[in-house]
Amino acid sequence: MTEFPAGLTADVARAYELGEPLRPPVYAARGELGRIWRLDTDRGSWAVKESLVPVEEGDVRADHAYQLAAADAGIRLPRPRLTSAGAVLFGVCRVYEWVDLVDGEVVTAAELGAVTARLHRLGHPAGGPVIPWFSEPIGRDRWEALAEAGTGAGAEVGTGAGTGAGTGAGAGTGEAWGLALARLLPELVALDALVVPPDPGSLATCHRDVNVENVRRARDGGVVVLDWENCGAAQPAYELASILTDLSLQDAVVAYRAYRAEGGRGVIAERADFSMAIAVQGHLLEFYARRALSPLESAESLESAENRSRARTRLGTMLDQPLTLARIDALRSACSGG
């Protein structure tokens, strides 16, 4: 999809009091949860996020409050905007100020660690328990069913290019992802056994999607944190460990030391500290595999083609560079002196 829903531009501009649109919104990016459009008006530039999943006002008000708390603490982010009626949502849309980013420049590991520490120092109260996506393993039965379905379908993955330094499963060589997943099953089941539920007394609201794609360098200087819609309850140490798994071993050490120097609350000590990383890896692999297999994505439409392509690319990347027990132990050992 390359056009904003017809007739919605003026309604969104009016609802959020953005000014008079100068041109139709321009497609900027998309994630798993929604599309981002740039809307230029006579009062400035705005990011309009169009949700691709059901959203409720009560749910988004919690992440809106967390964003305001972070902004008030000096963490830079695209500031969210309310409608004239005081709502976060207008239909399936929400609006933020637009921030220009430096194209192609990745923030340093030290910057990533420091901004994570600042987020954790907020100590923003958790609004409820941690949802299963971040806290519960897939389990042997679902892993086996998924590998069987993928092997039977013979679905091919695209070449992956992960950032971590794990043990490759060969998925990026054109091998069927079901076979790659089947070969990795003993490792995935063993990882699931390490998952420990988060400590209710240690929970806080966390971003839950901190990485080099969502922490970017602003064109006018400094770093800016993006994509807050996934935030919610988590144990800070678990989130920290999850962030480190996306980095090379060397960068993970740099990020961890910067985090500790900035006064971050989390400490990496036990295998169980990687519970969130294990759970998320499992749920993501299942999500992308189900999407790659879904007959709903077989339609010859641009959206279906994009969904299939994204799923296959992500499967390739994740199965080429999986989180493993050896990777967890290497990170624990490398960070122990931090």
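Reading guide: rules and limits
Residues numbered from 1 in each chain as written. Predicted model: local features only at pLDDT ≥ 70, side-chain atom pairs only at ≥ 80, totals over all residues. Heavy atoms only, no water. Helix = DSSP H or I, 4+ residues; strand = E, 2+ residues; numbered from the N terminus. Buried < 20%, exposed > 50% of the residue type's maximum accessible area, 1.4 Å probe, protein only. Contact = heavy atoms within 4.5 Å. Areas by Shrake-Rupley, 256 points an atom, 1.4 Å probe, with all protein chains shown as cover. Pairing = 2+ DSSP bridges. Axes fitted to C-alpha atoms, helices over the stretch in contact; angles between N-to-C directions. Salt bridge = Lys/Arg side-chain N within 4 Å of Asp/Glu carboxyl O. Parallel < 35°, antiparallel > 145°, perpendicular 65-115°, else oblique. Left-handed = near helix turned anticlockwise from the far one by under 90°.

A. Representation of the overall build of the protein. Along the backbone of the protein there are eleven helices and ten strands. Within the protein, the proportion of its 338 residues that are buried is 48%. A sequence separation of at least 24 residues applies to 73% of the contacts in the protein between residues at least 6 apart. Carbon together with sulfur atoms contributes 53% to the accessible area of the protein, which is approximately 15000 Å² in total.

B. Region of the structure containing the sheet that holds strand β9 (residues 223-225). In space, the three strands of this open sheet follow the order β6-β8-β9, with antiparallel pairing throughout. Every interior strand has two partners, whereas the edge strands, β6 (101-106) and β9, have only one. Within this sheet the neighbouring strands show an average axis-to-axis angle of 50 degrees, counted without direction. With three bridges joining them, strand β8 (residues 215-218) and β9 adopt antiparallel strand pairing. Considered in β9, the bridge of R216 is made with V224.

C. Seen up close, helix α7 (residues 236-244). A large share of α7 lies buried, amounting to nine of its nine residues. P236, A237, Y238, E239, L240, A241, S242, I243 and L244 are the residues of α7 that are buried.

D. Expanded view of the sheet that holds strand β5 (residues 93-97). A sheet is described by the order of its strands in space; here five strands give the open sequence β1-β2-β3-β5-β4, paired in antiparallel fashion. The sheet terminates laterally at β1 (26-30) and β4 (80-81), the two strands that pair on one side only. For strand β2 (residues 34-41) and strand β3 (residues 44-51), the ladder comprises eight bridges, and the chain directions are antiparallel. Considered in β3, the bridge of D40 is made with S45. In the packing of helix α1 (residues 8-15) onto the sheet, contacts are made with β2, β3 and β5, and the angle to β5 comes to roughly 60 degrees. The strands touched by helix α2 (residues 57-72) are β4 and β5; relative to β5, the strand with the most contacts, the crossing angle is about 5 degrees.

E. Region of interest: the pattern of salt bridges. Counted under the stated rule, the structure contains 18 salt bridges. For R217, the salt bridge goes to E105, with nearest N and O atoms at 2.5 Å. Of the two residues, R217 sits in strand β8 while E105 sits in strand β6, which places them 112 residues apart along the sequence. For R217, a relative accessible area of 15% gives the class buried. Here the salt bridges do not stand alone but share partners, grouping R23, R38, D40 and D100 into one network.

F. Just the environment of P24, in detail. In this structure, P24 sits in the loop between α1 and β1. By relative accessible area, P24 is classed as exposed at 62%. As for P24 and T41, which are separated by 17 residues in sequence, their C-alpha atoms are 9.6 Å apart.

G. A look at the side chain of D63. One can find D63 in helix α2. We classify D63 as buried; its relative accessible area is 5%.

H. Layout of the environment of L89. As for its position among the elements, L89 is in the loop between β4 and β5. A relative accessible area of 12% places L89 in the buried class. Here L89 is in contact with Y16, V55, E56, E57, V60, T83 and R94, once residues within four sequence places are set aside.

I. Quick peek at the packing of helix α3 (residues 109-121) against α7. Packing of α3 against α7 brings their axes to within 11 Å, and their N-to-C directions diverge by 165 degrees. Here α3 lies roughly antiparallel to α7, going by the angle between them. Handedness of the α3/α7 crossing: right-handed. Residues L112, T116 and H120 of α3 pack against P236, E239, L240 and I243 of α7.

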